[in-house]
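# Topology and contacts: notes
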Amino acid sequence: MKYRLLSLCLLSAGVSATPFDTCPSKAFLVQGSTASMYGVNLVSGAYNEFAQNVGTNNKLNGFGFSLHDRYLYGWDYSRKDVGRVGKDYNLEPVTTTGFPDTNFYVGDVAIHENAYYVYKKGGSYGLYRVSLDENSGDYLQATRVINGSALNLNIFDMAFAPNGEAGLAYSVDSAGNLHRINVATGASTSLGNVGQSGTFGAVYFDVENNFYISRNQDGHIYRVNIEDPSNTQLFAYGPISNTNDGARCATAPIIDEGEDPTMDYGDAPDSYGTSLNENGARHSVGDLYFGDSVSAEHLPKAQDDDNGVSFVTSIETGYDALISFTLSTNGFVNAWIDWNQDGQFQSSERIISGFSGVTGENRVLVPVPVDAVEGNTWARFRVSNNSDIAPTGGVGNGEVEDIAVSVVASSLIESSTAWQTAAFEDLWPQTGDYDFNDVVVRYRTTTGQVGNQVVQYKVEGALMAVGAGYHNAFAIRFKDIARSHVNEAGLQLTIDGSAAQHSPLEANRNEAIAVIFTNTRDMVPTQEGCKFFRTEEGCSDIQRSPIPFELTLPLATSYNASIATVDKLDPFIFAVNGHYHGPYVDSNNGRGWEVHLKNQSPTEAFDNSYLDQGDDTSTTNGYFQTASGLPWALIINTDWQHPKERVDMSIAYPEFVEFASSTGEKNVTWFENPVANYQYTINNAAQN
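Residues numbered from 1 in each chain as written. Predicted model: local features only at pLDDT ≥ 70, side-chain atom pairs only at ≥ 80, totals over all residues. Heavy atoms only, no water.

Scanning the model with the defined rule gives one cavity of 30 Å³ or more in all. The calculated volume of the largest cavity comes to roughly 110 Å³. Lining the largest cavity are 17 residues, and of these D108, A159, F160, R248 and A250 sit closest to its centre. Of all the secondary-structure elements, those providing two or more residues to the lining of the largest cavity are β4 (60-65), β8 (106-109), β12 (159-160), β16 (200-205) and β20 (244-247). Broken down by element, the residue count for the lining of the largest cavity peaks at three residues, all from β16. Within the lining of the largest cavity, the residues separate by chemical class into 14 nonpolar, one polar and two charged. (1 Å grid on protein atoms, 1.4 Å probe; cavity = no way out; pocket = protein on both sides within 12 Å on 5 of 7 lines; lining within 4 Å. Points joined across faces, edges and corners; volume = space filled by probe spheres on them. Helix = DSSP H or I, 4+ residues; strand = E, 2+ residues; numbered from the N terminus. Nonpolar A, V, L, I, M, F, W, Y, C, P; charged D, E, K, R; others polar.)

With that settled, the discussion passes to the pattern of salt bridges. If charged atoms from side chains of opposite charge come close, those side chains can pair. Within this structure, the stated rule accounts for 20 salt bridges. Here R509 ties to E506 by a salt bridge, and the two come within 3.4 Å at their closest N and O atoms. Residue E506 pairs with R591 through a salt bridge whose shortest N-O separation is 2.6 Å. Within this pair, whereas E506 is found in the loop between β38 (498-499) and β39 (511-517), its partner R591 is found in the loop between β41 (569-575) and β42 (594-595), the two being separated by 85 residues in sequence. In the salt-bridge network here, residues are joined through shared partners; they are E506, R509, R591 and E594. (Salt bridge = Lys/Arg side-chain N within 4 Å of Asp/Glu carboxyl O.)

Taken in spatial order, the seven strands line up as β16-β17-β18-β19-β30-β22-β21 in an open sheet, and their pairing is mixed. The open sheet terminates on both sides in strands that have one partner only, identified here as β16 and β21 (263-265). Pairing analysis gives four bridges linking strand β18 (residues 220-224) to strand β19 (residues 233-237), with the strands arranged antiparallel. The residue of β19 that forms the bridge with I221 is A236. (Pairing = 2+ DSSP bridges.)

Okay, the side chain of T445 next. Note that T445 resides in strand β34 (residues 439-450). Those residues in contact with T445 that lie beyond four places of it in its chain are S415, S416, T417, Y457, K458, V459, V566 and L569. (Contact = heavy atoms within 4.5 Å.)

Our focus in this paragraph is the side chain of E425. Mapping E425 onto the fold places it in the loop between β33 (420-424) and β34. Look at E425: it is buried, it has no salt bridge, and the nearest opposite charge is R646 at 7.9 Å. In contact with E425, not counting residues within four places along its chain, are G432, D433, Y434, D435, F436, D438, V595 and W632. (Buried < 20%, exposed > 50% of the residue type's maximum accessible area, 1.4 Å probe, protein only. Lys, Arg positive; Asp, Glu negative; His and termini not counted.)

Looking now at the confidence of the model for the chain. Taken residue by residue, the chain gives an average pLDDT of 90. The fraction at 70 or more is 94%. In the predicted structure, residues 1-15 sits below a pLDDT of 50 and forms 20 contacts with residues beyond four places in sequence or in another chain. Considering only residues more than four positions removed or in separate chains, one finds that residues 683-688, a stretch of pLDDT under 50, has 17 contacts. (pLDDT = per-residue confidence, 0-100.)

The buried fraction of strand β25 (residues 320-327) is high, at six of eight residues. Inspection of the sheet shows strand β23 (residues 309-311) paired to β25 by three bridges, in the antiparallel sense. Across the sheet, residue F311 finds its bridge partner in β25, namely I323. Inspection of the sheet shows β25 paired to strand β28 (residues 360-367) by eight bridges, in the antiparallel sense. For I323, the partnering residue across the bridge sits in β28 and is V364.

So this is what it looks like as structure tokens:
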């Protein structure tokens, strides 16, 4: 009897606090430099305040729930000793002996024994045990299990597992490593990394032995599989705090089905994350929802309250779909559609991201991928007070609506340009002879379009003439198309009916650049006494047919038709490394020399040191033109007959000079008025 009286004095000089009536399903969270008490629903992350102040002027940390007497125990910073809290949420001092003169912020009450454990790293501290059993001879006497140098963990809370070997506590350090601590010996075991880092100031268990960790910085609650830490899920979005500690009755389920339901779940098949076991999308029912109402439920099931989201237009590949949704009050909307029909909502399938919706009707246009699978699939819409959430996991307030939708496949529409001719003068920046027959290519472009999305290019044509002594390559730059967005596995180039032996897509470039002819001089036949291909008189008895080619360039990432326009194709020539190309060109840097259309910027491979030499005035007047405005490359939108070898363009086509010097404003049909006998006129076999 004397011992019992002494123990009461050690607890408090006043009336003892009243214990909790049951083992609560909610988690307890204490926050702030002046301790406030909250209840957290781990299912949704929603929380409510139990007490603004538990009766201390300082922190309360190292928090744990005792299954033995149904009190919450923690470390009271105001007294540097233990305190306990009952169902009135008032802190009651507990006087102990044996602790060092410090404060602890890591602790929990054991499940297998009526004892409270706290931990602090450092050789002067460590892991301590204090008995809470009034019938024990060491009641309220603290003993150190192991010093904090031997057990050196950077942890912020710990929790005892309800199942498995007795006396095992768990925690996650700031680097995301999961630790199992045997409190009887002080030994710890690293079990792996959970894939998250930060300050996990509140950790909990449930009756199924699921381990939950709450990160102070963003309030994210993760569910950790202690047998496989790599299988960690973002479980719910909880409260943010710079001071955080948690406790929970570890033998309680996280949902008390005896209480009225408070959650809204989705309706899609469970592969999408619908049930709680699959970490399904769920919200605490409140004042924020789609449509007219929202119903609470214990488990996912179809509800008639999915009435606030609709598709105004059909969902057709390559087009934009118009979505309408009404909100009860302002909130953030996120949405996903399973485009590939694999039974999951991937992060890449998010169609609405953090949309700031307003009370009443909202409308959003979303693009439908060109490769979306035709047929029936599922869409998920979530509204909440969180701007950035995943397709699964719990959120406080809001609603999830899952909708069965149907995707319609659009047909491929091909659209071709007229035939046009690209002609180049390769003496740049020397003074040219301006016969524009050094490299002549006739071609047309066809775009493949699904809806309003361009999915591929096809360029077909022929090498018409080579009147150059220099070695030039012919290439096409697809401006504003990223090289990484080309489906290189589907890329095809045929030359004269045979598949090219090289990949046409130029390596180590940001832009998509297709090299059609790597060396035009090597492509063409010549005969004795003839130096060029299809530019000289008296050489017509050799092979006269143009050399055809066809390039198919499919896109891995489609482009809106307003961006991927055919006028952004940029045909150009560049010098071939290892061959002499005039006095201004380094034969070891031939690729750095290019000729483009007038005022067309060069590619990223161009060497700017070639500018403003010889007859070039690019810096002053614009790229690739002379002081008088003459270009070094032309595009002629017709079946054009190029000048004979060493016949100046101004002689073969007298109106060209004024056209060029007027920047194309005068004599726009100069190519229709040639002077007879100055053009190479052999009929060719180019495609028409």
